[in-house]
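The chain contents come next:
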Amino acid sequence: MKISHKKQAFILTCLIFTPLLLFPFFNDSFEKDAKADNKMNLLVAHFVVKDNHSLTPPAKSAPQKEEKIVKKSKKIEKTQKKQVKKERKKPEKLKDIKEALVANSAPQIQTLMIGKDNNEFLRAVKKAVDKATIDTYPRQARQMRLSGNVLVEFTWLDGSRLGFVRVVQSSGHKILDDTAIRAIKRASKDFPTYERNVKVTHKLRYNIS
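Residues numbered from 1 in each chain as written. Predicted model: local features only at pLDDT ≥ 70, side-chain atom pairs only at ≥ 80, totals over all residues. Heavy atoms only, no water.

A. Structural view of a nonpolar patch on the surface. A cluster of nonpolar side chains, F10, I11, L12, L15 and I16, forms an exposed patch at the surface whose accessible area comes to about 560 Å². For F10, the position within the fold is in helix α1 (residues 5–55). Using a relative accessible area of 56% as the deciding quantity, one classes F10 as exposed. (Patch = residues over 30% accessible without salt bridge, like charges linked within 9 Å, V, L, I, M, F, W, Y side chains within 5 Å. Areas by Shrake-Rupley, 256 points an atom, 1.4 Å probe, with all protein chains shown as cover. Salt bridge = Lys/Arg side-chain N within 4 Å of Asp/Glu carboxyl O. Helix = DSSP H or I, 4+ residues; strand = E, 2+ residues; numbered from the N terminus. Buried < 20%, exposed > 50% of the residue type's maximum accessible area, 1.4 Å probe, protein only.)

Structure representation (structure tokens):
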């Protein structure tokens, strides 16, 4: 059975143009699928971003942090100042307590002056000091013909030992002042015992004669 040329041409035309006619239909469905995929992607991205925002806490502003730091530093400064004040007060209180204890416990010292007061103890002290003054007169001072009076003050404690020795009034010559202190220390070996702690003032005389 032979097909005419017209039918053959019609079949070929249908085969050629059928895909072209079907392309718009497939193209629309493809575009719809693509749009649906895009919508799904957008929805997923939206949920991911939302979850991330919910997980991460809201960032605090820098000024608020600075204010908190400043407040903390001020509190620290206040506490440090309070501690310093307390530490300053403690030594002062301890000092006052120590001074009070020393004042109460310190023995009362009797003040005597040779030449003004007169008792057996002072007479013995004067005799020992005058002898030591002559014995310790420096040779250099004699050669230079230095003379003068040195007012000396010393303490005699516990009835048997020498306390401090100091020059109250200088002779004007350092060599004589130093010799006067040395004379008191030497004479103290011959001081008699005394029933009380005593502070004695004595004038040592250095004269070339």
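B. Representation of the packing of helix α3 (residues 120–135) against helix α5 (residues 174–187) in the model. Closest axis-to-axis distance for the α3/α5 pair is 8 Å, and the angle between their directions is 130 degrees. Here α5 runs oblique to α3, going by the angle between their axes. Crossing angle aside, the handedness with which α3 passes α5 is right-handed. Along its contact with α3, which presents A128, V129, A132, T133 and D135, the element α5 presents A183, I184, R186 and A187. Residues that form the contact of α3 with α5 fall into these classes: six nonpolar, one polar and two charged. (Axes fitted to C-alpha atoms, helices over the stretch in contact; angles between N-to-C directions. Parallel < 35°, antiparallel > 145°, perpendicular 65-115°, else oblique. Left-handed = near helix turned anticlockwise from the far one by under 90°. Contact = heavy atoms within 4.5 Å. Nonpolar A, V, L, I, M, F, W, Y, C, P; charged D, E, K, R; others polar.)

C. The arrangement of the sheet that holds strand β1 (residues 110–113) in detail. Reading across from one edge, β1-β4-β2-β3 is the order of the four strands in this open sheet, with mixed pairing throughout. The sheet is open, and its two edges are formed by β1 and β3 (161–169), each paired on a single side. The average undirected angle you get between the axes of adjacent strands in this sheet is 25 degrees. Lying on the sheet, α3 is in contact with β1, β2 (148–157) and β4 (198–206); it crosses β4 at an angle near 35 degrees. (Pairing = 2+ DSSP bridges.)

D. Representation of the pairing of β4 within the structure. Two strands pair when backbone bridges link them, and β1 and β4 are joined in this way by four bridges, in the parallel orientation. Bridge pairing links L112 to V200 in β4.

E. Inspection of the environment of P138 at higher detail. Along the polypeptide, P138 turns up in the loop between α3 and α4 (139–143). Separated by 68 residues in sequence, P138 and Y206 have C-alpha atoms that sit 9.9 Å apart.

F. Geometry of the packing of aromatic side chains. Under the counting rule described, the total for this entry stands at four aromatic pairs. For the pair F154 and F191, a centre-to-centre distance of 5.6 Å together with 25 degrees between the ring planes defines the contact as stacked. With F154 in strand β2 and F191 in the loop between α5 and β4, this pair connects stretches of sequence that are 37 residues apart. Judged by its relative accessible area of 8%, F191 is buried. With 5.2 Å between their ring centres and 75 degrees between their planes, W156 and F191 make a pair best called edge-to-face. Of this pair, W156 sits in strand β2 while F191 sits in the loop between α5 and β4; the two residues are 35 residues apart in sequence, bridging distant segments of the chain. (Phe/Tyr/Trp six-rings, centres within 6.5 Å; stacked < 30°, edge-to-face > 60°.)

G. Examining the nonpolar core more closely. Ranked by size, the top nonpolar core spans 27 residues in total, and within it F121, F191, L204 and Y206 carry the most contacts. For this core, the secondary-structure elements that each account for two or more residues are α3, β2, α5 and β4. Broken down by element, the residue count for this core peaks at six residues, all from α3. Those residues within four positions of F191 in sequence are excluded, and the remaining contacts are V125, A128, V129, F154, W156 and I184. (Core = buried A, V, L, I, M, F, W, Y, C linked by side-chain atoms within 4.5 Å.)

Keep in mind that these numbers describe shape and distance, not what the molecule does.
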